[in-house]
Amino acid sequence: MSGHEQQGGLFSETPSAEASIQQQIQALRDEIRRNDYQYYVLDEPSLPDSEYDRLFRELQALETAHPDLITPDSPTQRVGGSPLKAFDSVTHRVAMLSLNNAFEDTELAAFDKRARDTLGVASIEYAVEPKFDGLAITLTYEHGILTQGATRGDGYTGENVTSNLRTVRSIPTKLEVANPPALLEVRGEVLIFKRDFEKLNQDQQAKSEKLFANPRNAAAGSLRQLDPRITATRPLTFFAYGVGATEGVPVLSSHSAAMDYLVSLQLPVCKERAVVHALDGLIHYYQSIGSKRNDLPFDIDGVVYKVNSIGQQNELGFVSRAPRWAIAHKFPAQEALTEVLAIEVQVGRTGAITPVARLHPVFVGGVTVTNATLHNQDEIDRKDVRVGDTVSVRRAGDVIPEVVSVILERRPEGTKPYQLLESIQHVCPICGSHAIRLEDEAAVRCTGGLFCPAQRKQAILHFASRRAMDVEGLGEKLVDQLVDNHLVQNLADVYTKLNLETLSSLDRMAEKSAQNLLDALQVSKRTTLARFIYALGIRNVGEATAKDLERYFGKLDALLIASAEDLQQVPDVGPIVAESIVEFFLESHNQEVIAALIAAGIHWEETSGKQTASGALTGKTLVLTGTLPTMSREHAKEMIEQAGGKVSGSVSKKTHYVVAGAEAGSKLERAQELGVTVLDEAGLVALLAE
Ligand code: IVH
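Residues numbered from 1 in each chain as written. Predicted model: local features only at pLDDT ≥ 70, side-chain atom pairs only at ≥ 80, totals over all residues. Heavy atoms only, no water.

Caption draft 1: Representation of the overall build of the chain in the model. A tally of regular secondary structure across the chain gives 26 helices and 24 strands. Along the longest, intermediate and shortest principal axes, the C-alpha atoms of the chain span 90 × 75 × 55 Å. Considering the chain as a whole, with its 690 residues, one finds that 46% of them fall into the buried category. Looking at the chain alone, contacts between residues at least 24 apart form 66% of all its contacts between residues at least 6 apart. (Helix = DSSP H or I, 4+ residues; strand = E, 2+ residues; numbered from the N terminus. Buried < 20%, exposed > 50% of the residue type's maximum accessible area, 1.4 Å probe, protein only. Contact = heavy atoms within 4.5 Å.)

In structure tokens:
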């Protein structure tokens, strides 16, 4: 407790009142820290966001009233303090060295042999872990409190980025242990998860701010912000992979034991680590992580092998700046430079005309790449990709290769900016229909619909794909022939127009494979409503939405007659998706195809769905704003939905009620402007009871 006391002041607290406030503050901090740990380290959230926010605000309020009780390890101090002019430099107690790299199995074998020879052993135990593609940092905990965080810098001195690292929620500001060590330096990597990176770039775009090229750059830029309040808004995370200087730490005889110790202190350590034996074990781990690489939530550029025994590590020592006891085994590069030979276009299932760069063949990410998507005109403008440019191409796993950036220094003379609409003279290169770009859309589209053979082909391929009707054997080459020879004009023709004779007459179609396809078509007729909806290829309706629609409506007939308003009662269906669905089913051509498909024998089991017959708020849209006196926002939303209503995020003419609490802002103003009925919590309760 601080010794400070204000003698006799009118508002001074008695020592016992202050003690109880101190206790309240402590309890709130503990609860928030516990939740941060569960959410950011274990990835197992335990509190609803609203409850977390409430605890946080309560703590903030107490600390504002009692600023003398604020400590640097309080969760409130994570939001970022005042900006710095420059970062101080920090000398590392123990140098932060780098790793030698191996690309080939032979280099790896040489590493293992050298270590075995030096140690005079037949086989070595290794601790193995991913090589995170982020930035190395070191955290200093003194008596359990985070006192400093620094970048690696040149390995000997780095930059003091403590205020920025305090904003990273997975980094504990206090170690949860009864007897914390006097000193513990934790080494690890700061990074941004792939999904958070995408969201961050979307936000940057919405704010018309610079986009980041990849999660690593975004993490680096965020960590080196002089204003920690900006860093606090960036989704940085952290994995520990080593220990630096220590005092009063239990004896740790292996790297894996050191990592277990960090886990026991609630520091985030990646779960993908393992202990393996000998060269075989290393190669096996490399392959197993390699096959998971694209499904990992973060970018890695290889794996790291460390001799597990600390005794053996010490025996092996260092050469220049890298340990002899560890090595990074890198994955093949996922980015490479090549030349754009031409820019052509492809027409997709929904008629989107996508520009594609034809490339001088280049080996990247383990395969030879000859094409890369350029996405749309906005992307081309942003990167200013031109024919003749040297570009950096990225290929991550099964994802379509893309052009990351142009190497402007290598641009030849006489190149011209690329204009998609101009280059195709405003017509679809496949069917000659008008090509247009709608005002609020990035894509240029062919207006030919299913008249356009390219769209017809894509629609059939989508219809037959594994997660849709799952027709085995109906692949690209075959669909090309079916459409080009006018055998299949629409989706239903796939079931009604194909027979052994027509199929066997096609290129590369033996009778056996023709029969297999017919069998597969027969089998596919028995399906689920969700698959069928998804297979139709309705714009904005993916697999998840199709499942939601199935769950909600249960029957196709109910879905066919649903209005946009009805559709918006389905969880996660907003106005845009609802509009696409209504438009699709209004089209008489689509109605005919659906009828023909059902006549051809496609069937599924129908259910009664989840449509609530009618609640007090059926068909009503409400908007919640401000803080309600007793109900949390989640709770209010649940009650409204149970009564058949829908909660929307923004006020429009279609909003039936706005429920406003304390500190309601622009949404309340908007409601008043539009004359929408405004309710308070009591009003909402009365409405629900009707
Ligand atoms: S250990 C003395 N483990 O790789 C050994 N480093 O080239 C020090 N890195 O700057 C590093 N994942 O940023 C280690 N699991 C991991 C790693 C890792 C990524 C980075 C780190 C370091 C660089 C070394």
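Caption draft 2: Just the site of the ligand, in detail. By nearness alone, 14 residues border the ligand, and E129, F132, E189, Y241 and K306 come closest of all. Taking P130, its main chain carries an N or O atom lying 3.0 Å from a nitrogen atom of the ligand. Within the backbone of F132, one N or O atom sits 3.0 Å away from a nitrogen atom of the ligand. Burial of the ligand by the protein chains amounts to 87% of its free accessible area of 520 Å². Contributions of two or more residues to the shell around the ligand are made by β3 (125-132) and β10 (300-307). Per element, the largest residue contribution to the shell around the ligand is four residues, and it comes from β3. When its residues are assigned to classes, the shell around the ligand shows eight nonpolar, one polar and five charged. (Near = heavy atom within 4 Å. Polar contact = N/O pair within 3.5 Å; in protein donor to acceptor, adjacent residues only side chain to side chain. Areas by Shrake-Rupley, 256 points an atom, 1.4 Å probe, with all protein chains shown as cover. Nonpolar A, V, L, I, M, F, W, Y, C, P; charged D, E, K, R; others polar.)

Caption draft 3: Local environment of empty space enclosed by the protein. Summed over the entire model, instances satisfying the criterion amount to one cavity of 30 Å³ or more. In this model, the largest cavity occupies a volume close to 40 Å³. In terms of lining, the largest cavity is formed by E129, P130, F132, A240, Y241, V269, C270 and R273. Where the lining of the largest cavity is concerned, the elements lending two or more residues are β3 and β8 (236-247). Per-element tally for the lining of the largest cavity: the top contributor is β3, with three residues. When the residues that make up the lining of the largest cavity are grouped by side-chain class, the tally is six nonpolar, no polar and two charged. (1 Å grid on protein atoms, 1.4 Å probe; cavity = no way out; pocket = protein on both sides within 12 Å on 5 of 7 lines; lining within 4 Å. Points joined across faces, edges and corners; volume = space filled by probe spheres on them.)

Caption draft 4: The sheet that holds strand β22 (residues 646-648), seen in detail. In spatial order, the strands read β22-β21-β23-β24; together these four strands make up an open sheet with parallel pairing. Lying at the two open borders of the sheet, with one neighbouring strand each, are β22 and β24 (677-679). Taken pair by pair, the neighbouring strands of this sheet meet at an average axis angle of 35°, ignoring direction. Both strand β21 (residues 621-625) and β22 contribute to a ladder of three bridges, which runs parallel. Bridging from a neighbouring strand, L622 pairs with V647 of β22. Against the sheet, helix α25 (residues 666-674) engages β21, β23 (657-660) and β24, with an angle of about 140° to β21. Against the sheet, helix α26 (residues 681-689) contacts β21, β23 and β24, and its axis sits at roughly 105° relative to β24. (Pairing = 2+ DSSP bridges. Axes fitted to C-alpha atoms, helices over the stretch in contact; angles between N-to-C directions.)

Caption draft 5: Quick peek at the packing of aromatic side chains. Taken as a whole, this structure holds 15 aromatic pairs when the rule is applied. Seen in terms of ring centroids, F193 and F298 are 5.8 Å apart; in terms of plane orientation they differ by 40°. Their pairing is tilted. Of the two residues, F193 sits in the loop between β7 (183-192) and α5 (194-206) while F298 sits in the loop between α9 (278-292) and β10, which places them 105 residues apart along the sequence. Judged by its relative accessible area of 14%, F193 falls in the buried class. In this structure F298 comes out as buried when scored by relative accessible area, which is 4%. The interplanar angle of 80° and the centroid separation of 6.3 Å between the aromatic rings of F318 and W325 together place this pair among those described as edge-to-face. (Phe/Tyr/Trp six-rings, centres within 6.5 Å; stacked < 30°, edge-to-face > 60°.)

Caption draft 6: Fine view of the sheet that holds strand β4 (residues 135-142). The antiparallel open sheet is built from four strands, whose spatial order is β5-β4-β7-β8. Each having just a single partner strand, β5 (145-151) and β8 make up the two edges of the open sheet. Averaged over all adjacent pairs, the angle separating strand axes in this sheet is 25°, with direction ignored. Bridge analysis of β7 against β8 gives nine bridges, and the strand direction is antiparallel. Residue pairing in the sheet places L191 in a bridge with T237 of β8. Running at roughly 130° to β7, helix α6 (residues 215-223) makes contact with β4, β5, β7 and β8 of the sheet. The strands that helix α8 (residues 255-264) touches are β7 and β8; relative to β8, the one it contacts most, it runs at about 115°.

Caption draft 7: Fine view of the pattern of salt bridges. For the structure shown, the criterion picks out 35 salt bridges. Across the pair R34 and E31 runs a salt bridge, and its minimum N-O distance is 3.7 Å. Of the two residues, R34 and E31 are both situated in helix α1 (residues 15-41); the distance of three residues between them amounts to about one turn of the helix. Residue classification places R34 among the partly exposed residues on the basis of a relative accessible area of 46%. Note that R670 is salt-bridged to E673, the shortest N-O span being 3.4 Å. In this pair, R670 and E673 are both assigned in helix α25, three residues apart and thus about one turn of the helix distant. Taken together, the shared-partner salt bridges in this structure form one network comprising D384, R386, D389 and R411. (Salt bridge = Lys/Arg side-chain N within 4 Å of Asp/Glu carboxyl O.)

Caption draft 8: Just the packing of helix α13 (residues 453-464) against helix α14 (residues 476-484), in detail. Interaxial distance between α13 and α14 falls to 10 Å at its minimum, and their mutual angle equals 135°. Compared by their axis directions, α13 and α14 come out oblique. For the pair α13 and α14, the crossing hand works out as right-handed. Contacts from P453, R456, K457, I460 and L461 of α13 reach α14 at E476, V479, D480, V483 and D484. In terms of residue class, the contact of α13 with α14 is made up of five nonpolar, no polar and five charged. (Parallel < 35°, antiparallel > 145°, perpendicular 65-115°, else oblique. Left-handed = near helix turned anticlockwise from the far one by under 90°.)

Caption draft 9: Quick look at the pairing of strand β17 (residues 390-394). Most of β17 sits inside the fold, with five of its five residues counted as buried. Neither face of β17 is left uncovered, since the one carrying T390, S392 and R394 and the one carrying V391 and V393 both have all their residues buried.

Caption draft 10: Fine view of unusual backbone geometry. Look at S208: it is not a glycine, yet its phi comes out positive at around 55°. Take S208: it is sitting in the loop between α5 and α6. Relative accessible area serves as the criterion here: at 68%, S208 is assigned to the exposed category. Backbone geometry places Q266, a non-glycine residue, at a positive phi of 70°.

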